[in-house]
Amino acid sequence: MSPRSPWAALAALCMPMLIVSMDVSVLFFAVPFIASDLNPSATQQLWIFDIYGFVLAGLLFLEHGLIKMIGFPGPGPETLPPMLLIAGLIETFGGLLLVLGLFARPAAFLSSGLMAAAYFIGHAGGGFWPSANGGEAAILYCFIFLYILVAGPGAWALDNRRTGTGRVTMPA
């Protein structure tokens, strides 16, 4: 074990804490200011929280694709078998489309199917429990993307502009 390994492990363990601190910062500091400016109803304020989660899920999904495709932000595989190449393409472009809210429902449909396939092909054979077979992230992504498919991408998605209405509305 090299002397840098414990530091890398510590950094990896601290990353969830960074994400939680970002969540708390947005939740407690930014949302009250957004709410005072927009004066949203309770349902509309829920959509503000949902959009934040959608963007975060899209960014993390995009990161998985970028690692496979170009080796950024971490080292990726030297060569990709065809199935992983297709997965990397769906993760990269699906994540980008979900972040932008552009063609979000088709992107969510493909991404959800990819994650369901990833779970059953890559994880389910390792045991019944997702925590034991390493499939928690695949299940979470699958159901987050199913939610986006059903509920829509949210009020500030580019899909609202693409449809030609030019209106940015929040669901009632």
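Scroll up to find the structure this text is about.
Residues numbered from 1 in each chain as written. Predicted model: local features only at pLDDT ≥ 70, side-chain atom pairs only at ≥ 80, totals over all residues. Heavy atoms only, no water.

K.L.:
Explain the pattern of salt bridges to me, using residue names and the numbers behind them.
P.N.:
All chains considered together, the criterion is met by one salt bridge. Where lysine 68 meets glutamate 91, a salt bridge forms, and the shortest distance between an N and an O atom there is 2.8 Å. Here lysine 68, found in helix H2 (residues 42-70), pairs with glutamate 91, found in helix H3 (residues 82-100); they are 23 residues apart in sequence, far enough to count as distant. (Salt bridge = Lys/Arg side-chain N within 4 Å of Asp/Glu carboxyl O. Helix = DSSP H or I, 4+ residues; strand = E, 2+ residues; numbered from the N terminus.)

K.L.:
I'd like to hear about the packing of aromatic side chains, residue by residue, with values.
P.N.:
Scanning the entire structure with this criterion turns up six aromatic pairs. Ring centres 5.3 Å apart and planes at 55° place the aromatic pair phenylalanine 61 and tyrosine 141 in the tilted group. Of this pair, phenylalanine 61 sits in helix H2 while tyrosine 141 sits in helix H6 (residues 136-151), and the two are 80 residues apart along the sequence. Taken as a pair, phenylalanine 61 and tyrosine 141 share a single burial class, namely buried. With 5.3 Å between their ring centres and 80° between their planes, tyrosine 119 and phenylalanine 120 make a pair best called edge-to-face. (Phe/Tyr/Trp six-rings, centres within 6.5 Å; stacked < 30°, edge-to-face > 60°. Buried < 20%, exposed > 50% of the residue type's maximum accessible area, 1.4 Å probe, protein only.)

K.L.:
Summarise the layout of surface pockets; cite the residues concerned and give the values.
P.N.:
Counted as a void, the largest pocket has a volume near 370 Å³. As for the largest pocket, its lining consists of 21 residues, and the residues nearest its centre are Ala87, Glu91, Leu114, Met115 and Ala118. Every element with two or more residues in the lining of the largest pocket is listed here: H2, H3, helix H4 (104-123) and H6. Across the lining of the largest pocket, the residue classes break down as 14 nonpolar, five polar and two charged. (1 Å grid on protein atoms, 1.4 Å probe; cavity = no way out; pocket = protein on both sides within 12 Å on 5 of 7 lines; lining within 4 Å. Points joined across faces, edges and corners; volume = space filled by probe spheres on them. Nonpolar A, V, L, I, M, F, W, Y, C, P; charged D, E, K, R; others polar.)

K.L.:
Quick one: what's the story with the packing of H3 against H4, residue by residue and with numbers?
P.N.:
Between H3 and H4, the shortest axis-to-axis distance is 9 Å and the interhelical angle comes to 145°. Crossing geometry of H3 relative to H4 is assigned as left-handed. Contact with H3, carried on its side by Met83, Ala87, Ile90, Glu91, Gly94, Leu97 and Leu98, involves Ala104, Ala107, Ala108, Leu110, Ser111, Leu114, Met115 and Ile121 of H4 and no other residues of that element. The residue inventory of the contact of H3 with H4, partitioned by class, reads 12 nonpolar, two polar and one charged. (Axes fitted to C-alpha atoms, helices over the stretch in contact; angles between N-to-C directions. Left-handed = near helix turned anticlockwise from the far one by under 90°. Contact = heavy atoms within 4.5 Å.)

K.L.:
Give a description of the nonpolar core that names residues and reports values.
P.N.:
In terms of nonpolar packing, the biggest core is built from 19 residues, with Phe61, Leu98, Met115, Phe145 and Ile148 touching the most fellow members. At the level of elements, H2, H3, H4 and H6 are the ones that each hand at least two residues to this core. Per-element accounting of this core gives the leading share, six residues, to H4. In contact with methionine 115, not counting residues within four places along its chain, are Phe61, Glu91, Ala138, Tyr141, Cys142 and Phe145. (Core = buried A, V, L, I, M, F, W, Y, C linked by side-chain atoms within 4.5 Å.)

K.L.:
An account of unusual backbone geometry is needed here, citing residue identities and associated values.
P.N.:
Note that the residue after phenylalanine 72, namely proline 73, is joined by a cis bond; omega there is 10°. Relative to the elements of secondary structure, proline 73 occurs in the loop between H2 and H3.

K.L.:
Pulling in residues and values, what's your account of H3?
P.N.:
Across its 19 residues, H3 extends 27 Å between first and last C-alpha, which sits within 8% of the 27 Å expected from 1.5 Å per residue. Within H3, burial applies to Ala87, Gly88, Glu91, Thr92, Gly94, Gly95 and Leu98. If you follow the buried residues of H3, they end up packed against H2, H4 and H6. Following H3 by one or two positions, glycine 101 has its phi on the positive side, about 75°. (Expected span 1.5 Å × (residues − 1).)

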